[in-house]
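# Coordinate inspection notes
Below are the chains, spelled out letter by letter.
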Amino acid sequence: MEIYPGFSMPLWSIITIISAVAALLVFLIIRVYLNYAFLKKCDRALNDTESMTELRAMPSDRLLRRSRLIEKAAERNGIELISAVGLDVIWEKQFLVYRKTKYLRKFVKYFQEKGLFFCILGGKNKPAVEKIFVKTLSQSSDPNLLKKIATACAGTDFDGEYASGITGDRFQELTELTGDSEWPVRFFAVKLLLYIDDQRAERIIWDAFRDPSAVIRRAAAAEFKPDDTSRLSARLKGLLLDDPAYRVRKAARIRLDSDFPEYYRIQADSLTKPQTIHVLGLLHEGSDEDENTAIEFLQSEDLEIRLQAALHLQQQGSLVRLFAGVPAGDKAEYERVRNLLKKACEVNCTEFLKELENTVNPAAVQLSAELLKKNGNRSFIDKLAEKVFTDSFRESSREHYLEIYREAVECISLRGTDRALELLNRELKNRHGDMELAAVILPMLPVRGDSVFIPTLISLLKSESFADAALLRSTIERFPASMYIADLIAILRSSPEQYSLAVRKEAFKVLGELKLPCCLQMILEHLKLLSSSEQKEFAAILTSFDEEKFSERVEGLLESCDSETKCAVMSALPVTGLKKFVKVIKDSAKDPDPDVRIAGIWALAGYGETKLISQMTDMLRDPVERVRRETASVIAEYGTPSAMEELKAVLSDENEVLPVKSAAVYGFGKSGRTESINILVDFMEDPELRPLIIKALSGKTAKGEIRLMVELFKDAAPQLREYIAEAFKGMGESSESAIIELLSEEIASLRDILSEILLKTGYVESTVRKLRHRMPEKRKEAAATLALMQTKEAFKGMVLAARDPDSDVRVEVLKALEKLNTPDGEPILSALKEDPDKRVRKYTLWALERLQAKNTEAG
């Protein structure tokens, strides 16, 4: 296509150019429109909240790109628009951070005094900026411009020396500013006067040490350099000791250390309490001397002083070092460290306990448990639990583990978090089979963790896996009954297939020991779960219930047909002391159930109704053997003398049948009365009763009973002695300890008798065998026991032990053998010398030689 003669262009090129021009025109039109719309929005912003909100929400870079439009709107509507949208803050950053001078010019244009202060802040080593400041300040006709700059300073620190140099000779103005009521103005003036070499300026600075503003006092302490250094050091000491502002004191301390180290000598004894607090708050980092000073003041009884010392030690890491390095073996050092750290904890300096997570020192772990009981972040207790409740820690701290464990559990109980309580509950689940640890946990379980612990405790109750049932019950009972009463009732109502008798019994005991009035009927109905002896022990709990309601329920149960319930209730009634039920109990002798009859007569015994008991001799002929036996036992123990004679007459009655006589013997055997032994021995000649009597006497294993039987044995005819010896044999080991105890009393008249009894029961032979036990303690114990008997059989075993490898055993043997070297021991000694066993003869002679040598040395 020919556009004009001599010049042609393809059609597609022309179309491209036209499209580009059109696109540019569209872009320009849109740009103009958007700028116009933005400008209008800026015009409305000061009066339209929505427009202002939109402007403030714009990113900083977009606001910066549209600075000219905002400036234009601000010139038409008010300079405050720049500040309102935050553009001034963006300019400030562009200059102070990125050193872009054009934005400083904007500041000087719209916010002259603030812009000039920015020149002071950023003009050093930047001539263009300095030129703006000097030119603006010198050409300004505003007499208060310097004060406005000082106000714009707003207390911001700056280089006073540089500012003094570019401000020029304005001493008079600065002097006037030092008297201004606003402290930022005074601060600006003082910062400049600090670098003006003039006596008048120096005088003003001395006064600045007492200025009401801490910022001004701090500036004076840090930068003032007068000729009178001694006066300055004294003034700095005064600030360090007495100024209430920490930053002022810190500036004074830094200045003293840097310029006047030789003057810094402060005697702690001469300081007041506030001065001591100030000094401790500014102790040096890394100084051993200051660390020792802090440790000394950490022991102060004054909490304010102690806090400052603790803060310093905490900041230096000294508390962490003390904590991590506390020794386990040195008790005195452990106590010293514990007391120091406890003092720190009392003023809430507990950050050193964070080291608990990293330490492997058992002593540090124990110490943390002790301290966390009262102080410290409770989250540290979680770390304590996680560490102590591990097998690895138990292994590494085996010697002190139980003590550490106890401290940790107590700590968790007192202040543990929910997480720590969960960990303790998990520990209880895992360790309930270890009674040493379980016995530590259960008494300390905190009631506040009821929702955590009750399910576990009830689970243990149901499982029968916990060894100490009483401890488990007492633990459960400390918690609110509402948390588990439904579980207890469900266990009581369950079948034997669901829960064993032992589990139901424990659930019943918990329910009863709670003494809840709402559970009285249930307690009485389930009393039958306990054995007769347990029912009597449990009965004391029943006295806590209302007597009227209790009596009403008991009457109903005694009239019921359930024999188990009636037996259980009757067994428990005597402890209550309610005599109103005696008649009903007496009438139970006619009850068709033999167990009810037995419970009735024992209940009468519990009430102390001896006369009524004596009237029950007809029950000796009850058709049921166990009723006869129990009746005889009650009469023999609690009956009147006439009832006892009647019971004795049963044994001598030739016309009485053996089953009745057998019951009488059984009763005398169970009786605790001493005359029962005499009665039984009197009838030992009866061949029909003898086996029964020997069995009955075998149950008399109390010390007093054995003493009486020994007396009877001593005076008895040979044949009767054999019968009584049979009774002693039947006692087994249960009587041997009582006989040895009698032997140790060294009653000469009883020694041979007791030794003979022990010989007949086989005890001597058994003890001689113990002389060959692998444990020296057992051999020594056996030698001491044989020495008490002084019989041939005993000494025969001892001479063979005279060469025991253990010195303690040999001493015990020789002490016993000394008794052979006496007139009383001559017969035994002669028998041993002539013993058929060559080894016995040999060792007897050797032992005598040892005794003679010992006697010679003593002589």
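Refer to the structure printed above.
Residues numbered from 1 in each chain as written. Predicted model: local features only at pLDDT ≥ 70, side-chain atom pairs only at ≥ 80, totals over all residues. Heavy atoms only, no water.

### Side note on the overall build of the protein
Heads up, the rule is: By definition, any uninterrupted DSSP run of H or I lasting at least four residues is a helix, any uninterrupted run of E lasting at least two residues is a strand, and each is numbered from the N terminus. Exposed residues in this analysis have more than 50% of their type's maximum accessible area, buried residues have under 20%, and partly exposed residues fall in between, with area computed by a 1.4 Å probe over protein chains only. Any two residues whose heavy atoms approach within 4.5 Å are treated as being in contact. All accessible areas in this document rest on Shrake-Rupley with a 1.4 Å probe, and a residue is counted as covered only by the protein chains that are shown.
Across its full length, the protein holds 54 helices and 2 strands. Scored against the burial criterion, the 859 residues of the protein give a buried share of 48%. Long-range pairs, those at least 24 residues apart, make up 65% of the contacts in the protein between residues at least 6 apart in sequence. When the accessible area of the protein is evaluated, it comes to approximately 43,600 Å², of which 50% is carbon and sulfur surface.

### What about the nonpolar core?
As a rule of thumb, nonpolar side chains are buried together in soluble globular proteins. Definition in use: Among the buried residues, those of types Ala, Val, Leu, Ile, Met, Phe, Trp, Tyr and Cys that are joined through side-chain atoms within 4.5 Å form a nonpolar core.
By size, the foremost hydrophobic cluster in this structure holds 162 residues, and its most contacted members are V388, L457 and Y484. If one sorts the elements of this core by residue count, helix α38 (residues 594–607) sits on top with 8 residues. When neighbours within four sequence positions are excluded, V388 is seen to be in contact with V365, F393, Y401, I404, Y405 and A408. Judged by nonpolar contacts, the second largest core, of 78 residues, contains L104, A201, A208 and L256.

### Points about the side chain of K387
Heads up, the rule is: Working convention for charge: Lys and Arg count positive, Asp and Glu count negative, and His plus the chain ends are omitted. For this analysis, a salt bridge means a side-chain nitrogen from Lys or Arg found within 4 Å of a carboxyl oxygen belonging to Asp or Glu.
Along the chain, the position of K387 falls in helix α24 (residues 379–388). Among buried Asp, Glu, Lys and Arg side chains, K387 stands out as unpaired, with E357 the closest opposite charge at 8.3 Å. The residues contacting K387, other than those within four sequence positions of it, are L356, E357, T359, V365 and F393.

### Thoughts on the packing of helix α8 (residues 112–122) against helix α9 (residues 127–139)
Here is the rule: Only the contacting stretch of a helix is used when fitting its axis, a line to C-alpha atoms as for every element, and angles between N-to-C directions run 0 to 180 degrees. Any angle that falls under 35 degrees is termed roughly parallel, while one over 145 is termed roughly antiparallel, one within 65 to 115 roughly perpendicular, and all others oblique. Left-handed is the label given to a crossing in which the near helix is rotated counterclockwise from the far helix by less than a right angle, and right-handed is the label when the rotation is clockwise. Side-chain classes follow a simple rule in which Ala, Val, Leu, Ile, Met, Phe, Trp, Tyr, Cys and Pro form the nonpolar group, Asp, Glu, Lys and Arg form the charged group, and the remainder, Gly included, forms the polar group.
For the pair α8 and α9, the least separation of the axes is 9 Å and the interaxial angle reads 135 degrees. As summarised for this structure, α8 and α9 are arranged oblique, according to the angle between their axes. By crossing handedness, the relation of α8 to α9 is classed as left-handed. Where α8 approaches α9, its residues Q112, L116, C119, I120 and G122 are matched on the opposing element by V129, I132, F133 and T136. Looking at the contact of α8 with α9, its residues break down into 6 nonpolar, 3 polar and no charged.

### Quick notes on helix α7 (residues 101–110)
Of all 10 residues in α7, 7 are buried, a share of seventy percent or more. Buried within α7 are the following residues: T101, Y103, L104, K106, F107, V108 and Y110. Residues of α7 that are buried in the fold lie against α3 (60–65), α4 (67–77), α5 (80–85), α6 (87–96), α8 and α9.

### Focus on the layout of surface pockets
Selection rule: Cavity means a closed set of points on a 1 Å grid over the protein atoms alone, one where a 1.4 Å probe fits but cannot get out, pocket means an open set with protein on both sides within 12 Å along at least 5 of 7 lines, and lining means a residue has an atom within 4 Å of a point. Grid points are joined across faces, edges and corners, and a volume is the space filled by probe spheres set on the points.
Roughly 400 Å³ of internal volume is contained in the second largest pocket. Every residue lining the second largest pocket is counted, 22 residues in all, and those nearest its centre are S532, Q535, C567, S571 and A599. Listing elements by their share of the lining of the second largest pocket, those giving two or more residues are α34 (532–542), α36 (563–576) and α38. Across the lining of the second largest pocket, the residue classes tally to 11 nonpolar, 6 polar and 5 charged.

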